[in-house]
Amino acid sequence: MAKVKNILFIMADQLRWDYLSCAGHPNLHTPNIDRLAAKGVRFDRAYVQSPVCGPSRASTYTGRTTFSHGSTWNRVPLPIGEWTMSDYLSPAGLRTAVVGKTHMTPDKDGMERFGLTPDTELGMIVSEPGFEPYERDDGLHPDAGLRARGGKLAYNDWLREKGYDGENPWHTWANSAEGPDGEILSGWHLRNSHLPARVAEPHSETAYMTDRAIDFITETGDQPWCLHLSYIKPHWPYIAPAPYHAMYDHNQFLPVHRSERERDNAHPVLDAFVKMDVSETFSRREVRERVMAGYMGLVKQIDDHLGRLFDHLEETGRMDDTMIVFTSDHGDYLGDHWMGEKELFHEASVRVPLIIYDPSEAADSTRGEVETRLVEAIDLLPTFMDTLGMKVADHRLEGRSLLPLLHGENPGDWREAVFSEIDYAFYSARETLNLPASKARAYMMRTERWKYIYYKGFPPQLFDLQTDPDEFDDLGTSPDHAEIRATMQTLLLERLTDRKNRVTMTDEQVLQTRAGEGSSGIMIGVW
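A quick note: this is a predicted structure, and the numbers were derived from the prediction, not measured.

Visitor: Account for the sheet that holds strand β3 (residues 46-47), with residues named and values stated.
Guide: Read across the sheet, three strands follow the order β10-β3-β13 without closing on themselves; strand pairing throughout is mixed. One side of each edge strand has no neighbouring strand; the edge strands of this open sheet are β10 (351-352) and β13 (375-376). In terms of strand pairing, β3 meets β10 through two bridges, oriented antiparallel. When the bridges of β10 are listed, A46 appears paired with V352.

Visitor: Lay out the sheet that holds strand β8 (residues 225-234) in plain terms, naming residues and giving numbers.
Guide: Strand-to-strand pairing in sheets goes through backbone hydrogen bonds, with the strands running parallel or antiparallel. Reading across the sheet, the eight strands line up as β5-β4-β8-β1-β9-β11-β2-β12 and stay open at both edges, with mixed pairing between neighbours. The sheet terminates laterally at β5 (132-136) and β12 (369-371), the two strands that pair on one side only. In this sheet, neighbouring strand axes are inclined to one another by 15° on average, regardless of whether the strands run parallel or antiparallel. Alignment of strand β4 (residues 95-100) against β5, held across three bridges, turns out to be parallel. Each bridged residue has a counterpart across the sheet, and for G100 the counterpart in β5 is R136. Contacts from helix α1 (residues 31-39) reach β2 (41-43), β9 (322-328) and β11 (354-357), with the element oriented near 55° to β11. Relative to β9, helix α15 (residues 380-387) is tilted by about 175°, and along the sheet it contacts β1 (6-13), β9 and β11.

Visitor: Go over the pairing of strand β17 (residues 461-464) with me, naming the residues and quoting the values.
Guide: Covered by surrounding structure in β17 are Q461 and F463 together with L462 and D464, the residues of both alternating faces. The pairing of strand β16 (residues 450-455) with β17 spans four bridges and is classified as antiparallel. Its bridge partner lying in β17, Y452 is registered against L462. Once β16 ends, the chain turns through five residues before running back antiparallel as β17, passing G457 with a positive phi of about 85°.

Visitor: An account of the side chain of D329 is requested, with residue identities and associated values reported.
Guide: The residue D329 is located in the loop between β9 and α14 (347-350) in this model. Among the polar contacts listed, one links the side chain of D329 to the backbone nitrogen of Q14, at a separation of 3.0 Å. At 3.1 Å, the side chain of D329 forms a polar contact with the side chain of R57. Not counting residues up to four positions away in its chain, the partners in contact with D329 are M11, A12, D13, Q14, V48, S50, C53, S56, R57 and V352.

Visitor: How would you summarise α1 if you had to cite specific residues and measurements?
Guide: Of the residues making up α1, those classed as buried are N32, I33, L36 and A37. Considered in projection along α1, the buried side chains sweep an arc of 150° and stay on one side of the axis. Where α1 is buried, its residues contact β2, α13 (285-315), β9 and β11.

Visitor: Explain the pattern of salt bridges to me, and be specific about the residues and the numbers.
Guide: By the definition in use, this model includes 43 salt bridges. Residue E82 pairs with R64 through a salt bridge whose shortest N-O separation is 2.9 Å. With a gap of 18 residues between them, E82 in the loop between α3 (66-69) and α4 (85-89) and R64 in the loop between α2 (53-62) and α3 connect regions that are remote in the sequence. On the basis of relative accessible area, R64 is assigned to the buried category, the value being 4%. A salt bridge links E376 to R415; the nearest nitrogen and oxygen atoms lie 3.6 Å apart. Here E376, found in strand β13, pairs with R415, found in the loop between α16 (403-406) and β14 (417-423); they are 39 residues apart in sequence, far enough to count as distant.

About the cut-offs
Residues numbered from 1 in each chain as written. Predicted model: local features only at pLDDT ≥ 70, side-chain atom pairs only at ≥ 80, totals over all residues. Heavy atoms only, no water. Pairing = 2+ DSSP bridges. Helix = DSSP H or I, 4+ residues; strand = E, 2+ residues; numbered from the N terminus. Axes fitted to C-alpha atoms, helices over the stretch in contact; angles between N-to-C directions. Contact = heavy atoms within 4.5 Å. Buried < 20%, exposed > 50% of the residue type's maximum accessible area, 1.4 Å probe, protein only. Polar contact = N/O pair within 3.5 Å; in protein donor to acceptor, adjacent residues only side chain to side chain. Arc of directions from axis to C-beta. Salt bridge = Lys/Arg side-chain N within 4 Å of Asp/Glu carboxyl O.

And the structure:
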């Protein structure tokens with residue numbers, strides 16, 4: 001019997017893989033996340049299926065690539081027929097819920113087709129999708145957007161009970177600073193990222209979501225559970241409450257990672273992204289220094305509250321029967337490669353932290369290890385099922401269980417490459433390139449040495465990560481690397497054609513159907 005009874009699936013939003021002290025950051029100390037890494041395994045080379053919130057999360061929640069499930073960007077609904085974590089884990093008796101962000105949009109057309117409404121239990125689960133919304137909050141609530149959704153937000157109601165007035169205290173208190181004359185300085189403006197948020201730290205989003213996670217664990221009691229604690233930060237607005245806003249200055253920031261070589265004869269798609277407003281803004285030193293103060297403070301705040309959560313688990317005995325996962329949905333350029341935001345496939349964007357703690361004795365041999373094999377975000381769902389002793393649905397799930405790696409095994413057939421993709425139809429870069437929406441697609445394959453990026457309608461990119469770990473020198477049109485590009489393109493084609501699209505019948509059922517043909521009475525080609 002598996003010792004794991006519960007799963008605590010923690011995800012930070014827009015957290016880079018290298019902004020933890022256990023990953024080598026020299027100035028941003030994260031002792032509680034490091035403490036989790038010492039108890040478990042830190043996967044040093046973990047990659048998301050798309051470096052954008054929505055499609056990345058949809059892939060993690062379904063165990064399938066964006067190419068397969070079709071939710072290609074933030075407001076593209078996940079089709080109603082896609083199975084998510086609740087569908088897979090509920091048969092094992094787990095209460096599967098979310099505290100925080102999912103960034104998922106319901107498939108309203110699909111729900112209407114089947115007569116489902118959010119006010120029913122099934123309709124609620126489908127519309128979330130797949131998580132009981134114990135405290136659903138995507139953390140992006142500008143005034144106009146909140147009004148468009150009816151103005152309802154549980155966190156705002158709670159803030160008002162604490163004495164924070166206004167129509168939208170999420171914005172005016174939790175994500176704004178205060179000027180010398182009492183004026184509100186919005187956190188949406190990057191120039192304010194180094195200032196303290198108006199809200200008291202115990203009432204900030206990170207503190208509140210941690211409290212709600214503890215509430216859920218306490219309330220659920222002995223019933224098995226899977227809790228997706230999905231922190232809203234360090235995603236923008238980059239503004240932290242005191243004292244976290246002032247913990248770091250320019251002497252503690254990592255140097256910006258970029259080179260003029262990248263802009264010399266730049267790839268057309270890269271060039272279009274570099275020329276977007278957000279990239280031009282983040283390429284300015286004063287902008288980056290303001291943002292970095294807030295960003296690092298928000299990461300530090302998450303670590304402190306995770307320490308509080310881990311203490312609770314230890315005090316209540318839940319650390320002994322709960323698998324804990326800590327990861328992110330994508331990274332953040334923060335000015336690297338002349339970029340802001342995420343979206344493209346540099347390591348700063350597509351590579352994420354991943355730490356897994358397995359309390360079972362079978363994992364004792366790997367505690368504190370750093371695993372360097374290539375893993376993907378879609379590996380998490382099959383890992384959860386494998387850990388719970390469930391049969392992994394291989395006809396749908398496209399990742400593979402990490403449990404053998406957690407238990408010190410050495411599978412000889414481990415993957416040689418990881419895959420990611422982007423639908424950039426929603427960006428001004430597509431308009432700059434004059435592309436129709438259906439053609440704005442790009443796909444990445446990354447092996448031990450090579451990173452290959454295929455763009456529809458444009459030359460590919462190729463980086464030799466052995467000689468150029470900085471990803472400054474694009475070999476996408478180098479005559480000397482034509483054979484490497486052909487090999488990588490073949491790997492990409494294999495990955496795309498290996499997707500799981502026969503989702504309604506298992507391989508075992510296929511074989512049984514074939515074996516039963518002789519007794520069916522149907523005769524084909526018999527003389």
